[in-house]
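One-letter residues, chain by chain:
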Amino acid sequence: GCARDWDGLTCWPRATFGEVVKIPCPRFFEEFTSFLQRNCTQEEYWSEPFPPYTLACGFDEGSSKGPEDQKSYYSAFWRVYTAGYAASVTSLVTALIVFAAFRKFHCTRNYIHMHLFVSFILRAVAVFTKDAVLFADETMDHCLMSTVACKAAVAFFQFSILANFFWLLIEGIYLQTLLLLTFVSNKKFVWWFIFTGWGAPTAVMFAWVLTRIHQQNTGCWDDDENGVVLWIIKGPILLTVLINFIIFINVIRILVHKLKSQEGGGSHSSHFVRLAKSTLLLIPLFGVHYIVFAFFPESTGLEARLYIELGLGSFQGFVVALLYCFSNAEVQTELKKQLCKWQHQEYLTFTHKHGALSRETSPVNYVTQLSLLDKISPKRRTSVLQDGVTTV
C-alpha cells in the first residue's frame, strides 16, 4: 500500500492499493466543509489531490490568498504574537517580583493575581516551546514525527491554556465575592483557589493524555481530534468562558447599582465615565474577548479569530500586568518610597566615605597624630626636647 505522506499542508494516512482517502481541508483554510481526496494507485504512488487545494480549500492561485501569500501572512503573524508573548513574560515576571518583594502586597487579592500572572507566563513559554519543537524545521515530516518530546510540548501547551482559563475564572469569582459579601480576608480561601486553579487543569490533562494514548495516539497530538478527545479540552474551556462572561455581566450590574447609590445626584456623564473605566479594566482580567468565537467552529472567521485570540491574546498578560501592578497607585507609592530610600542610603554612604577621606587628608589630623605619638613615646619626646636645647 501507500505509506503516510506529508504534502506540506496535510498528512495523508496509510492506505491500501486502490483505496481512496478523503480528508477535510487543513484548519488554516476557512472552508471547513470542503474535502480533499487522493487515490493509492497500484504502483504504490499517491495520486494528486482532487479537487486541487486551489479549488477545494477556498483560495485562488491568482489571488492574494495563494499558498505563498498564506505562508507569508502567517509568518508575519508569528512575529506579532511572539513579540506579544515576549512583552507579556517580561512585564509579568517584573510584576511577580514586585508583589513578592514587598510585604505590604502580601494579601489574598495579590496572591490570586500572582497565580494568574504565572498562568500567563506558562502560556507564553508553552507557545515558544511548541513552536520550537514542532515548527522550527520547515522540512519536517509531520506524518512521521511522533516523539515523546513533541507530545510533551503539545500536552504542556494544552495544560497552560487550561490553567490560564481557570485562573481567569477564579479572578472573576473572587471579584464577585468581594462585591457581594466583602469577606475573603482569611487565607484558607486562597488554598481553595490554588487547589481549583491548578488541580482542575491537571485532572483534565490527565484524562486527555490517557484518552489520547488509548484512542488517538497519532503524530504529535496536534492533529485534528475526534469528538471525545476534542471535548475533553474544549468543554472545560467553553464552560469557564461562559461562566466568566456571566460573572462579568453581573459585576457590571453591581457596579452600576453601586455608582447610582453613591452618586444619586451626580451627572449621568460621570456615571458613564466611571462605568466605562471599570468595564475596560475587567475585560482583560476576565478574558471576555474569548466569548466572541467561543461557540463557533474553529474555521469560522479564521482571520478575525487569529487577530482577537492570538494577536490580542498574546498581549493580554502585558495588559493585565500593566493595569493591576504598574498602574496601581499603591504599587507606585511603594516603589517611590523604596526609590527614595535607596537614594538616601546612597547619599549617606557617599557622605560617610567622603568625610572619612577628608579626615585622613586634613592637616589637623596630622597634628593630632603627632600629639598622640608624643604621649605614647617618651623617647621621642626626650629627643625632641634635646633637639630644642641644642638649637637654642
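Conventions used here
- Per chain, residues are indexed from 1 in the order of the written sequence.
- The predicted nature of this model means local features are confined to residues of pLDDT at least 70 and side-chain atom pairs, given and counted, to a pLDDT of 80 or more, with totals for whole chains, interfaces and linings taken over all residues.
- Excluding hydrogens and water, the side-chain values take into account all heavy atoms of the structure.
- Note on definitions: angles span 0 to 180 degrees between N-to-C directions of axes, and those axes are lines fitted to C-alpha atoms, for helices only across the stretch in contact.
- Secondary structure elements follow DSSP: runs of H or I no shorter than four residues count as helices, runs of E no shorter than two count as strands, and numbering proceeds from the N terminus.
- Oblique is the label for any angle not covered by the other classes, which are roughly parallel (under 35 degrees), roughly antiparallel (over 145) and roughly perpendicular (65 to 115).
- Rotating anticlockwise by less than a right angle from the far helix to the near helix defines a left-handed crossing, while the corresponding clockwise rotation defines a right-handed one.
- Contacts are residue-level and defined by heavy atoms, with any inter-residue pair within 4.5 Å sufficient.
- Ten residue types, Ala, Val, Leu, Ile, Met, Phe, Trp, Tyr, Cys and Pro, are classed as nonpolar, four, Asp, Glu, Lys and Arg, as charged, and the remainder, Gly among them, as polar.
- Detection works on a 1 Å grid of protein atoms alone, calling trapped sets that fit a 1.4 Å probe cavities and calling open sets with protein on both sides within 12 Å along at least five of seven lines pockets, with lining residues defined by an atom within 4 Å of a point.
- Grid points are joined across faces, edges and corners, and a volume is the space filled by probe spheres set on the points.
- A residue's pLDDT is the predictor's confidence in that residue, given on a scale from 0 to 100.
- Note on classification: 1.4 Å probe, protein chains only; a residue is buried when its accessible area is under 20% of the maximum for its type, exposed when over 50%, partly exposed between these limits.
- Polar contact is the term for a pair of N or O atoms within 3.5 Å; when the atoms are in protein, one must be able to donate a hydrogen and the other to accept it, and sequence-neighboring residues count only if both atoms are side-chain atoms.
- Directions are taken from the helix axis to each C-beta atom, and the arc is the one they span.

Looking now at the packing of helix H3 (residues 108-134) against helix H9 (residues 316-326). For any two helices packed against each other, the geometry comes down to the angle between their axes and how far apart the axes lie. Running from amino to carboxyl end, H3 crosses H9 at an angle of 155°, the nearest separation of the two axes being 10 Å. Taken as axis vectors, H3 and H9 run roughly antiparallel relative to one another. Along this stretch, H3 crosses H9, giving a crossing that reads as left-handed. Mapping the contact onto sequence places His-113, Leu-116, Phe-117 and Phe-120 in H3 and Gln-316, Gly-317, Val-320, Ala-321 and Tyr-324 in H9. Taken together, the residues of the contact of H3 with H9 break down into six nonpolar, three polar and no charged.

Our next topic: empty space enclosed by the protein. Counted by the stated rule, this structure contains one cavity of 30 Å³ or more. One number sums up the size of the largest cavity: a volume of about 50 Å³. Lining the largest cavity are Phe-165, Leu-168, Thr-240, Val-241, Asn-244, Phe-245, Phe-286, Gly-287 and Val-288. Looking at the lining of the largest cavity, the element that brings in the most residues is helix H6 (residues 227-262), giving four residues.

Per-residue pLDDT for the protein averages 75, and the proportion of residues at 70 or more is 67%. The lowest-confidence element of the protein is helix H12 (residues 378-391), averaging 45 in pLDDT; the highest-confidence one is H3, averaging 91. Low pLDDT, under 50, characterises residues 60-64; the stretch is placed with six contacts to residues that sit more than four places away or in other chains. This model gives residues 364-370 a pLDDT under 50, and the stretch forms four contacts once residues within four places in sequence are excluded.

Structurally, the position occupied by Thr-240 is in helix H6. Look at Thr-240 and you get buried, because its relative accessible area is 4%. A distance of 2.7 Å separates a polar atom in the side chain of Thr-240 from the backbone oxygen of Ile-237. Beyond its immediate sequence surroundings of up to four residues, Thr-240 is in contact with Phe-165, Phe-166 and Leu-169.

With that out of the way, let us pick up H9. All buried positions along H9 are accounted for by Gln-316, Gly-317, Val-320, Ala-321, Tyr-324 and Cys-325. The arc that holds every buried residue of H9, seen down its axis, measures 130°, which confines them to one face.

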